[in-house]
Amino acid sequence: MPNVTFISPDGSSDTLDIANDTSLMRAAIANGLHAIVGDCGGSAACATCHVYVQEKFLNRLPPISDNEDQLLESTSSPRRGNSRLSCQILMSPELDGIRVEIAETQW
Ligand code: FES
């Protein structure tokens, strides 16, 4: 299975093997990474699953939808050029080894 490494705001890291088509948000919550909240359950309505994606993986992600783009304007932690909502990133073979930094705050 492909894996993802989450870097938590405290600097700790967790590498998880997750199934294809599983969102990074769901994987984080299922594995107790509480720095990701996922309040809306993954329907792109809350912006509490904000992550910063390692640059080399950015062009392998699906394009940002208008809805995600709007939500990223209202995140608790500052939006950066590599900001994404982790509920909108589904694992795929192309993303094997992806690293994401969890935003410091989600509320
Ligand atoms: S879980 Fe709500 S926007 Fe991602």
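Basis of the calculations
- Each chain has its residues counted from 1, following the order in which its sequence is written.
- Side-chain atom pairs in this predicted model are given and counted only at pLDDT of 80 or more, local residue features only at pLDDT of at least 70, and totals for whole chains, interfaces and linings cover all residues.
- Heavy atoms throughout the structure, all of them, feed into the side-chain values; hydrogens and water do not.
- Any pair of Phe, Tyr and Trp rings, taking the six-membered ring for Trp, is counted once the centres come within 6.5 Å. Such a pair is stacked with planes under 30 degrees apart, edge-to-face with planes over 60 apart, and tilted for the rest.
- Whether a charge sits over a ring depends on NZ of Lys or CZ of Arg being within 6 Å of the ring centre and within 35 degrees of the ring normal.
- For helices the rule is a DSSP run of H or I covering at least 4 residues; for strands it is a run of E covering at least 2, with both sets numbered from the N terminus onward.
- The term polar contact refers here to a pair of N or O atoms within 3.5 Å; inside protein, the definition further demands a hydrogen-donor-capable atom paired with an acceptor-capable atom, and it admits residues adjacent in sequence only when both atoms are side-chain atoms.
- Burial classes: relative accessible area under 20% of the type maximum marks a residue as buried, over 50% as exposed, and values in between as partly exposed (1.4 Å probe, protein chains only).
- Only heavy atoms enter the contact rule, under which two residues are in contact if any of them lie within 4.5 Å.
- Pairing between two strands is assigned when DSSP locates at least 2 bridges connecting them.
- Convention adopted: a line fitted to C-alpha atoms gives each axis, helices being fitted over their contacting stretch, and angles between N-to-C directions are expressed from 0 to 180 degrees.
- Salt bridge, as used here: a side-chain nitrogen of Lys or Arg that lies within 4 Å of a carboxyl oxygen of Asp or Glu.

## Here we look at the packing of aromatic side chains
And step 1. This structure, assessed with the given rule, holds 0 aromatic pairs.
And step 2. Here R80 stacks its cationic end above the ring of Y52, 3.6 Å away from the centre of that ring.

## Examining the environment of S65
And step 1. Within the secondary structure layout, S65 lies in the loop between β3 (50-53) and α2 (66-72).
And step 2. Measuring from C-alpha to C-alpha, the distance between S65 and A44 comes to 9.9 Å, with 21 residues separating the pair along the chain.
And step 3. A polar contact is formed between the side chain of S65 and the backbone nitrogen of E68, at a distance of 3.0 Å.

## Some remarks on the environment of R80
And step 1. Here R80 shows up in the loop between α2 and β4 (83-85).
And step 2. With a relative accessible area of 40%, R80 lands in the partly exposed category.
And step 3. As for R80 and Q106, which are separated by 26 residues in sequence, their C-alpha atoms are 14 Å apart.
And step 4. Apart from the residues within four sequence positions on either side, R80 is in contact with Y52 and E101.

## Focus on the sheet that holds strand β1 (residues 3-7)
And step 1. If you trace the 5 strands from one edge of the open sheet to the other, you get β2-β1-β5-β3-β4, paired in mixed fashion. Two strands in the sheet have a free side with no partner beyond their single neighbour: β2 (13-17) and β4. Across this sheet, the average inter-strand angle for adjacent strands is 35 degrees, counted without regard to direction.
And step 2. Examined bridge by bridge, β1 and strand β5 (residues 98-102) share 4 bridges and lie parallel to one another. Each residue of the ladder has a partner; that of I7, found in β5, is E101.

## Considerations on the pattern of salt bridges
And step 1. A full pass over the atoms with the stated rule returns 4 salt bridges.
And step 2. We note a salt bridge from R84 to E68, for which the minimum N-O separation is 2.9 Å. Within this pair, whereas R84 is found in strand β4, its partner E68 is found in helix α2, the two being separated by 16 residues in sequence.
And step 3. The salt bridge partner of E101 is R80, with a shortest N-O separation of 3.7 Å. Taken together, the positions of E101 in strand β5 and R80 in the loop between α2 and β4 put the pair 21 residues apart, joining distant regions of the chain.

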